[in-house]
Amino acid sequence: NVVHEASGTGTGVLGDSKTLNTYAYNNTYYLFDTTKPMNGVIETFDNYGGQYSSLPGYYVTDSGNTFNSERQKAAVDAHYYAGEVFDYYYDTFGRVSYDNQGADIRSTVHYGSNYNNAAWTGNQMIYGDGDGSTFTYLSGADDIVAHELTHAVTDTTAELVYENQSGALNESFSDVFGFFVDSEDWLMGEDVYTPGTSGDALRSLSNPNAYDQPDHMDEYRNLPNTESGDWGGVHINSGIPNKAAYYTINSIGISKAEDIYYRALTVYLTPSSNFSNARQALIQSAQDLYGSQAANAISNAWSNVGVY
Ligand SMILES: O=C(NO)[C@]12CC[C@H](CC1)C2
Ligand SMILES: [Ca+2]
Ligand SMILES: [Zn+2]
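In what follows, the accompanying structure is described. (Residues numbered from 1 in each chain as written. Chains lettered and ligands numbered in written order. Predicted model: local features only at pLDDT ≥ 70, side-chain atom pairs only at ≥ 80, totals over all residues. Heavy atoms only, no water.)

1. With respect to the coordination of the calcium ion (ligand 2)
Put simply, the rule reads: Donor atoms are limited to N, O and S found within 2.8 Å of the metal ion, a distance that becomes 3.2 Å for Na, K and Ca. With water left out, some sites might look partial. Labels for metal geometry use angle windows, namely 85 to 135 degrees for all angles of a four-donor tetrahedral site, and for square planar (four donors) or octahedral (six donors) sites opposite donors over 155 degrees apart plus all others within 65 to 115; sites meeting none of these are irregular. Burial classes: relative accessible area under 20% of the type maximum marks a residue as buried, over 50% as exposed, and values in between as partly exposed (1.4 Å probe, protein chains only).
Each protein donor to the calcium ion (ligand 2) is listed here as Asp143 (OD), Asp182 (OD), Asp185 (OD), Leu187 (O), Glu190 (OE) and Glu190 (OE); together their distances run 2.1 to 2.6 Å. Coordination at the calcium ion (ligand 2) is irregular: its 6 donor atoms span angles of 51 to 159 degrees at the metal. Sequence spacing of the donor residues for the calcium ion (ligand 2), all on one chain, is D-x38-D-x2-D-x1-L-x2-E. According to the relative accessible area criterion, Asp182 is buried, its value standing at 2%. Residue classification places Leu187 among the partly exposed positions, given a relative accessible area of 25%.

Structural data, given as structure tokens:
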């Protein structure tokens, strides 16, 4: 059979050059990665702001297998980082795509108009361009790509309900696995947040207060379970489990922490789990995998944020 797999090059959102897994067909190249096990593909689309079509939009192609235009930058990073996150879950836990069944990973860039957001829709990832001030193309941050794909992992495992404490846990697990993939800093979204300002970010796991998130139950925000209330503050109260994760990782290290967090998410957590249930799930996972020293470290981390 004719081999269509190809290796291309592209320029990412931050102007960096990277190698891409592409697919050659009819004298053109597609952002369509067929290199992963269990024939799951990673495919990237351009929605053109939705002006021509609904999701997913159009495959991103290039006649020379060199994806270096301004418009292609967002797609280059969405494609490359989706592959990086696939590899993280496969190499670290043996998980094959977000559903562990080799599901296709589909991303659409240039979604909406100046859209300062990204999301897992339940079927695929979507990335806005940002307004150029608050955000630049949101797929340019590997921790955001990992954050979104971890929402898909959560939706096929614990299925944490996206409201109140279970929703804040849903958000926190996405931030924590975003850290595990981008473990060079404790910041979330720093690579695409406020392109005109360096050193800031959307959130910080080491210091949630820096971005107006609580880092202790004493500061828990009882917000309404409405869209304007951020569904009970899922992006706000996530600072509390995020800080517990920070304490945990500093205490037992990244390698043990990621195994414990993955086991809690895939074995013990349930849709209605609250912060106390998460503490218990992580303690049990630590005990299962590494014994009482690790279990005690988890217990101490959550005590430090006022969760028992
Ligand atoms: O936390 C999030 N979604 O649940 C964000 C919001 C801005 C970045 C892209 C998506 C992170
Ligand atoms: Ca980061
Ligand atoms: Zn999220």
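2. Remarks on the site of ligand 1
Operational definition: Note on definitions. A residue lies near a molecule or strand when any single heavy atom of the residue is within 4 Å of it. Counted as a polar contact is a pair of N or O atoms within 3.5 Å, where, for protein atoms, one must be capable of donating a hydrogen and the other of accepting one, and residues adjacent in sequence contribute only when both atoms are in side chains. Only the protein chains shown count as cover for residues, and the accessible areas themselves come from Shrake-Rupley with a 1.4 Å probe. Helix and strand definitions here come from DSSP, where helices need a minimum of 4 consecutive H or I residues and strands a minimum of 2 consecutive E residues; each element is numbered from the N-terminal end.
The environment of ligand 1 is made up of 13 residues, and the closest members are His147, Glu148, Glu171, Arg203 and His235. In this structure, Glu171 approaches ligand 1 through a side-chain N or O atom, which is 2.8 Å from an oxygen atom. Residue His235 places a side-chain N or O atom 2.8 Å away from an oxygen atom belonging to ligand 1. Protein chains shield 90% of the accessible area of ligand 1, which is 290 Å² for the free molecule. In terms of residue count, helix H2 (residues 142-155) provides more of the shell around ligand 1 than any other element does, 4 residues in total.

3. Some remarks on the coordination of the zinc ion (ligand 3)
Tetrahedral coordination by four donors puts the ideal angle at the metal at 109.5 degrees, and octahedral coordination by six puts it at 90 or 180 degrees. Coordination of the zinc ion (ligand 3) by the protein is provided by His147 (NE2), His151 (NE2) and Glu171 (OE), with metal-donor distances spanning 2.0 to 2.1 Å. One way to put it: the 4 donor atoms around the zinc ion (ligand 3) meet at angles of 90 to 127 degrees, and that makes the site tetrahedral. Going along the chain, you hit the donors of the zinc ion (ligand 3) in the pattern H-x3-H-x19-E. Of this pair, His147 sits in helix H2 while Glu171 sits in helix H3 (residues 164-181), placing them 24 residues apart in sequence. On the accessibility criterion, His147 (4% relative accessible area) is buried. Residue classification places Glu171 among the buried residues on the basis of a relative accessible area of 1%.

4. Considering the packing of aromatic side chains
Selection rule: Think of it this way: a Phe, Tyr or Trp ring, Trp meaning its six-membered ring, pairs with another when their centres are within 6.5 Å, and the plane angle makes it stacked under 30 degrees, edge-to-face over 60, tilted otherwise.
Across all of its chains, the model carries 24 aromatic pairs by this definition. A centroid spacing of 6.0 Å and a plane angle of 50 degrees characterise the contact between Tyr246 and Tyr247, whose relative ring orientation is tilted. For Tyr247, a relative accessible area of 28% gives the class partly exposed.

5. Some points on the environment of Gly233
Counted only if it meets this: Any pair of residues with heavy atoms lying within 4.5 Å of one another is described as a contacting pair.
Checked against the element boundaries, Gly233 lands in helix H4 (residues 230-233). C-alpha separation for the pair Gly233 and Arg221, spaced 12 residues apart in sequence, amounts to 6.8 Å. Sequence-distant contacts of Gly233, that is, excluding residues within four places in its chain, are made with Leu223 and Ser238.

6. Overview of unusual backbone geometry
Pro56 follows Leu55 through a cis peptide bond whose omega is 0 degrees. Inspection of the secondary structure assignment puts Pro56 in the loop between strand S5 (42-46) and strand S6 (58-59). In this structure, Asn164 is a non-glycine residue whose phi angle is positive, near 50 degrees. Following the sequence through the fold, Asn164 ends up in helix H3. We note that Asp230 has phi near 55 degrees; this positive angle belongs to a residue other than glycine. Judged by its relative accessible area of 16%, Asp230 falls in the buried class.

7. Considerations on the pattern of salt bridges
Stated precisely, the cut-off is as follows: We define a salt bridge as a contact between a side-chain nitrogen of Lys or Arg and a carboxyl oxygen of Asp or Glu at a distance within 4 Å.
Counting across every chain of the model gives 9 salt bridges. Of the charged contacts, one joins Lys18 and Asp16 as a salt bridge, the two residues approaching to 2.7 Å between their closest N and O atoms. Owing to a relative accessible area of 7%, Lys18 belongs among the buried residues under this scheme. Judged by its relative accessible area of 27%, Asp16 falls in the partly exposed class. In this structure, Glu171 engages Arg203 in a salt bridge whose closest nitrogen and oxygen atoms are separated by 3.5 Å.

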